[in-house]
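Chain by chain, the residues run as shown.
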Amino acid sequence: MSVTRLILTDFRSYDAATIDAAPGFVVLTGENGAGKTNALEALSLLSPGRGLRGATLFEMARSDGPGGFAVAARLAGDVEIGTGTTATAPERRQVRINGAGASATSLSEWLSVLWLTPAMDRLFTEGASGRRRFLDRLVLALEPGHGHHSARYEAAMRARNKLLAGPEGADPMWLSALEVGMSEHGEAIAIARERTVAALAGRLADQPEGPFARAGLALEGWRGIDLAGELRMSRGRDTAAGRALAGPHRTDLAVTHLGKRQPADRCSTGEQKALLLGITLAHADLVAERVGRPPLLLLDEVAAHLDPIRRAALFERLAATGGQVWMTGTEQALFEGIGAATRLTVRAGRVTDA
Ligand SMILES: Nc1ncnc2c1ncn2[C@@H]1O[C@H](COP(=O)(O)OP(=O)(O)OP(=O)(O)O)[C@@H](O)[C@H]1O
């Protein structure tokens, strides 16, 4: 599915901008600070979650605007999806699909969005939460129902944490009900993650060794067996810790460089980027094959960090995914090898044809 028109209103550095794009490659170039990543961030909000910067909704509204923002997109096939906030509820995300109010999780029924950003250079070396978010986006693209389970699990977990922290002891009946809810959704999350990792690992193992590294994937930590029982047993410890010590929020994605037989966090920066690209490309192929709709890929400043041979190989592989790929860079010369593309220039919150 491609975004054929993107309309930004009071979003970050944009007061009002309309971007028309064809399927295939879309290249945004401009100086540092011009608003390229902001445009990709707006596109990343066409999926559940907080987008590619993990920012708050309040931060996304234009700082000298009236408060609130809107991101609207037309998809190929005349589907219209949009999201945003209002000045009176700047932290409440509203979603509209074809004019009707909808939940953020339902966005993934229309579009799968995946991104690679410079901040993800630290994905393998920093804490597990970033890897879990990355993993969940991979799962979501293959199983749109995953977002529903994640949202319900998080809500039940927050309610249980609050109950355990309460001053006069938690009502055991209410605690049990929340634990059963966490267990039901937590186990569904675990199973969906297992399925995605197995499918992706199989595909990566089959890939020839090329410019993008072959990654070995495995799940570590909590594995999804009788969560309700585990939670019931650990109420005391969870109260002391102030959070649940078992559950899918305690799972990690372990990544290995198969060629080097080395954990990803010990690889060089370039090798880590190659691993991320390898996973993303294999995943895009898998989604295209299984869902019949390749993901929308957002690659922020990826081209600039590759040597010319790897860059050419990347463009070739991206074209083969059959999906729309939005890329940013400071100069058009980086994208000479890609052939037909929507080429745009971004300057001070304005987008024009390059
Ligand atoms: N809420 C906001 N309101 C107004 N301006 C904002 C807001 N958030 C960020 N900006 C501005 O957006 C600009 C950054 O835009 P962006 O990150 O898209 O740049 P970029 O073109 O990707 O640059 P680079 O090449 O340096 O990565 C900064 O000037 C920043 O001050």
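Rules behind the numbers
Residues numbered from 1 in each chain as written. Predicted model: local features only at pLDDT ≥ 70, side-chain atom pairs only at ≥ 80, totals over all residues. Heavy atoms only, no water. UniProt positions renumbered as here; feature names shortened; annotations may be inferred. Helix = DSSP H or I, 4+ residues; strand = E, 2+ residues; numbered from the N terminus. Buried < 20%, exposed > 50% of the residue type's maximum accessible area, 1.4 Å probe, protein only. Contact = heavy atoms within 4.5 Å. Areas by Shrake-Rupley, 256 points an atom, 1.4 Å probe, with all protein chains shown as cover. Pairing = 2+ DSSP bridges. Axes fitted to C-alpha atoms, helices over the stretch in contact; angles between N-to-C directions. Phe/Tyr/Trp six-rings, centres within 6.5 Å; stacked < 30°, edge-to-face > 60°. Parallel < 35°, antiparallel > 145°, perpendicular 65-115°, else oblique. Nonpolar A, V, L, I, M, F, W, Y, C, P; charged D, E, K, R; others polar. Near = heavy atom within 4 Å. Polar contact = N/O pair within 3.5 Å; in protein donor to acceptor, adjacent residues only side chain to side chain.

Under an unreviewed UniProt entry, the protein has the name DNA replication and repair protein RecF and belongs to Sphingomonas chungangi. In the Subcellular location (unreviewed entry) part of its UniProt record, the protein is described as follows: "Cytoplasm". Quoted verbatim from the Sequence similarities (unreviewed entry) heading of the UniProt record, the comment on the protein is "Belongs to the RecF family."

Chemist: Teacher, can you tell me more about the overall build of the protein here?
Modeler: On a plain count of helices and strands, the protein comes out with nine helices and 15 strands. Here the protein holds 354 residues, and the buried ones make up 51% of them. In the protein, 68% of the contacts between residues at least 6 apart in sequence involve partners at least 24 apart. Working note: accessible area of the protein is about 15,800 Å², and carbon and sulfur atoms make up 52% of it.

Chemist: Quick question: what am I supposed to make of the sheet that holds strand 1 (residues 3–11) here?
Modeler: In a beta sheet, neighbouring strands pair by backbone hydrogen bonds and run either parallel or antiparallel. Strand order in the open sheet made by the six strands is 2-1-4-5-6-7, with antiparallel pairing throughout. Looking at the sheet topology across the chains shown, the edges are occupied by strand 2 (14–20) and strand 7 (100–102). With strand direction ignored, the average angle separating the axes of adjacent strands in the sheet is 15°. Pairing analysis gives three bridges linking strand 6 (residues 94–97) to strand 7, with the strands arranged antiparallel.

Chemist: Is there a simple way to explain the pairing of strand 1 in this structure?
Modeler: Successive side chains on a regular strand alternate, one facing one side of the sheet and the next facing the other. Judged from the six bridges that link them, strand 1 and strand 4 (residues 68–75) form a sheet pairing that is antiparallel. Bridging from a neighbouring strand, Arg5 pairs with Arg74 of strand 4. Sheet topology places strand 1 next to strand 2; six bridges connect them, and they run antiparallel. Looking across to strand 2, one finds that Leu8 is bridged to Ala17.

Chemist: What am I meant to see in the UniProt feature "binding site: ATP" (unreviewed entry) in the protein here?
Modeler: Under the feature "binding site: ATP" (unreviewed entry), the UniProt entry names Gly30, Glu31, Asn32, Gly33, Ala34, Gly35, Lys36 and Thr37. Along the chain, Gly30 falls in the loop between strand 3 (25–29) and helix 1 (36–44). With a relative accessible area of 9%, Gly30 lands in the buried category. Apart from residues no more than four positions distant in its own chain, Gly30 is found in contact with Lys36, Gly329, Thr330 and Val346. By the element assignment, Asn32 lies in the loop between strand 3 and helix 1.

Chemist: Looking at this structure, how should I read the packing of aromatic side chains?
Modeler: The geometry of an aromatic ring pair is captured by two quantities: the separation of the ring centres and the angle between the planes. On inspection of all chains with the given rule, the structure shows three aromatic pairs. The interplanar angle of 70° and the centroid separation of 5.3 Å between the aromatic rings of Phe11 and Phe69 together place this pair among those described as edge-to-face. With Phe11 in strand 1 and Phe69 in strand 4, this pair connects stretches of sequence that are 58 residues apart. Counting every residue linked through ring pairs, the aromatic cluster contains Phe25, Phe315 and Phe335.

Chemist: What exactly am I supposed to notice about the sheet that holds strand 10 (residues 251–257) here?
Modeler: Reading across the sheet, the three strands line up as 9-10-11 and stay open at both edges, with antiparallel pairing between neighbours. The open sheet is flanked by strand 9 (215–221) and strand 11 (262–263), the only strands paired with a single partner. With seven bridges joining them, strand 9 and strand 10 adopt antiparallel strand pairing. Counted as the bridge partner of Ala215 is His257 from strand 10. The strands touched by helix 5 (residues 172–206) are strand 9 and strand 10; relative to strand 9, the strand with the most contacts, the crossing angle is about 160°. Across the sheet, helix 8 (residues 269–291) touches strand 9 and strand 10, and the angle it forms with strand 10 is around 110°.

Chemist: Just to check I follow, could you spell out the packing of helix 3 (residues 128–142) against helix 5 for this structure?
Modeler: Between two packed helices, what matters for the description is the angle formed by their axes and the separation of those axes. Direction vectors running N to C along helix 3 and helix 5 enclose 85°, while the axes themselves pass 9 Å from each other. With respect to helix 5, the element helix 3 is oriented roughly perpendicular. Contacts between helix 3 and helix 5 involve Arg132, Leu135, Asp136, Leu138, Val139 and Leu142 from the former and Ala192, Arg193, Thr196, Val197 and Leu200 from the latter. Classifying every residue of the contact of helix 3 with helix 5 by side-chain character gives seven nonpolar, one polar and three charged.

Chemist: What is the right way to read unusual backbone geometry from this model?
Modeler: Note on backbone geometry: most residues besides glycine have negative phi, and most peptide bonds are trans. Phi is positive for Asp10, close to 50°, though the residue is something other than glycine. If you trace the backbone, Asp10 turns up in strand 1. Residue classification places Asp10 among the buried residues on the basis of a relative accessible area of 13%. For Asn98, which is not a glycine, the phi torsion comes out positive at approximately 50°. Locating Asn98 in the fold gives a position in the loop between strand 6 and strand 7. The exposure class of Asn98 is partly exposed, given its relative accessible area of 46%.

Chemist: For this particular structure, what's the right way to read the site of the ligand?
Modeler: Surrounding the ligand, one finds 16 residues, the nearest of these being Gly33, Thr37, Asn38, Arg53 and Ser63. Contacts to the ligand include Ser63, whose backbone N or O atom sits 2.8 Å from a nitrogen atom. Coverage of the ligand by the protein amounts to 69% of the 660 Å² it exposes when considered alone. By residue number, the principal contributor to the shell around the ligand is helix 1, which donates three residues.

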